[in-house]
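Structural overview for review
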Amino acid sequence: MKVGYTYSTISKLPKELRPEDVGKQISVEGIVSRISEVLEYPFKVTFVCQTCGHEIVAEYKPWEKPTKPKKCEECNSKNIKIDPLKSFSRRYQLLRIQDPPEALTEGVPPTHVDGIVIDSLVGSLKLGARVRVTGVLTAASRNSSGNRGFVLKNVLEVTHVDIIGKESPGDSVTDQDIRRFHEEVQKKDFKQRIIQSMIPIRGYDSLKEGLLLAVLGGAETWLPDGTKLRRNIHVLIVDEQQKASHILSPIVEMMPRVLYVEGSTIQRSELVAKTVRDDLTMERVIQAGPLVLANEGVFILEDLDKLSKLDKESLAKVMEQEVAFLPKADVVGKFSVKTTVIAVAAPKSGVIDKSKSLASQLNVTLGLLNAFDLVYIMSNATSGEQAKNERLYSISPLWASRESYYDREFIRKFIAYARSLNPVLSV
Ligand SMILES: [Zn+2]
């Protein structure tokens, strides 16, 4: 008998999977966007005929429902029982791997592949983790109740897990690129050049510098008293002009790992995670929200003030502690979320009165406001030096005509490379 495995070491994104991959061993790379609690399924069941002692052994997959044979195939007796000493169950977890944010095309929803891990791999995957999982892609089916229809979908039976974790600059950054980065960084006006190339807009110098810091990140530092300084630098833009998106959209294009979301589109309490049912097994699974899908990258959030109260609280916690807690979820309910947050909020009255506290003028709690390291106001003032420098006079003609020192490819690679190190701010 020939064993029908085709070995392959090619690593694919979920969106690159094809029907012909079914039955093959493949590696899939992406973000863990769904995970279940630890579950159990009957793996091997031994049925014994109580009349003649004949044994029928059946093996199952997690999505299959075990059924007792109607009668003994030897003596036709209907008196059949399970032998508990010759039957085993196995632990498993359901999971989903989704395309990472940087692989998404605007307007096209992310694709995914569902999978299962069993036995020793249970507990090895966390929501929001970047992973490469290897296994055999199987067409799994489950009868739907009431009629002769059935659910069929591809499931990756995972046999090996690699956590990609800390950012790597990726294969696209060559040694030659790295040599050029080191040369360019020596130049006196490098910071100005990279900022201007990254966000080719006149004025807003301090804001643009803050955004560069957020995008590059800092170094995780342990203080002598045992407290940890996180590496992520969170930026809040208080936007009187409703023009922050002009500054942020170039970042969305340049950043290797960025997720851009409008706060008003996030359903209540779904920023971090929500519970849904797996359509194959009907088991409960935790589905990652946008903040978790942007793990190890940058989450750009417009309309921060329009988030629900609950989501504002969970956002503040994740930003400060880099950990998410989900109540009612034992095993999968605590996981690390290292997302850099760049958020935009509009003042309640349209303008900021600098004689009053900022918190009282934003629809944002003090706790959440404090979680931001840098806060900028895009002022609507129409007179004075600041207004002259920092107003966006006309966006479109400026774009093409501005001096841009580095192209998009250079910036993308530079950011990816810098984030793979632990940048330290030199003053
Ligand atoms: Zn029998």
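Scoring rules and cut-offs
- Residues numbered from 1 in each chain as written.
- Predicted model: local features only at pLDDT ≥ 70, side-chain atom pairs only at ≥ 80, totals over all residues.
- Heavy atoms only, no water.
- Pairing = 2+ DSSP bridges.
- Helix = DSSP H or I, 4+ residues; strand = E, 2+ residues; numbered from the N terminus.
- 1 Å grid on protein atoms, 1.4 Å probe; cavity = no way out; pocket = protein on both sides within 12 Å on 5 of 7 lines; lining within 4 Å.
- Points joined across faces, edges and corners; volume = space filled by probe spheres on them.
- Nonpolar A, V, L, I, M, F, W, Y, C, P; charged D, E, K, R; others polar.
- Phe/Tyr/Trp six-rings, centres within 6.5 Å; stacked < 30°, edge-to-face > 60°.
- Buried < 20%, exposed > 50% of the residue type's maximum accessible area, 1.4 Å probe, protein only.
- Lys NZ or Arg CZ within 6 Å of the ring centre and 35° of its normal.

1. Section: the pairing of strand β3 (residues 39-49)
On a regular strand, each side chain points to the face opposite its neighbour's, so the side chains alternate between the two faces of the sheet. Here 5 bridges tie β3 to strand β6 (residues 88-98), and the two strands are oriented antiparallel to one another. Its bridge partner lying in β6, Pro42 is registered against Ser89. The turn joining β3 and strand β4 (residues 55-59), which pair antiparallel and follow one another in sequence, is formed by 5 residues; a positive phi near 85° is taken by Gly53. Relative to strand β5 (residues 80-82), β3 runs antiparallel, the two sharing 3 bridges. When the sheet's bridge partners are listed, Cys49 is paired in β5 with Ile80.

2. Description of empty space enclosed by the protein
Summary: where empty space remains is shown by rolling a probe the size of a single water molecule over the atoms. A complete count under the given rule lists 1 cavity of 30 Å³ or more for this structure. Counted as a void, the largest cavity has a volume near 80 Å³. Forming the boundary of the largest cavity are 13 residues, of which Leu94, Leu95, Asp114, Gly115 and Asp278 lie nearest the centre. Among the secondary structure elements, those contributing two or more residues to the lining of the largest cavity are β6, β7 (112-118) and β9 (150-163). It is β7 that provides the largest number of residues to the lining of the largest cavity, a total of 3 residues. Looking at the lining of the largest cavity residue by residue, the class counts come to 7 nonpolar, 2 polar and 4 charged.

3. Concerning the packing of aromatic side chains
One pass over the structure, following the stated rule, counts 9 aromatic pairs. Ring centres of Phe190 and Tyr406 lie 5.9 Å apart, and the angle between their planes is 55°; on these two criteria the pair is classed as tilted. Pair noted here: Phe190 is in helix α2 (residues 190-198) and Tyr406 is in the loop between α9 (395-401) and α10 (408-420), with a separation of 216 residues, a long-range link. Grouping residues by exposure puts Phe190 and Tyr406 together as buried. Considering the side-chain rings of Phe190 and Phe414, the 5.3 Å spacing of their centres and the 65° angle between planes classify their relative orientation as edge-to-face. Of this pair, Phe190 sits in helix α2 while Phe414 sits in helix α10, placing them 224 residues apart in sequence. One aromatic cluster in this structure is built from Phe181, Phe190, Tyr406, Phe410, Phe414 and Tyr417. Cation over ring: Arg90 sits above Phe43, and NZ or CZ is 4.0 Å from the ring centre.

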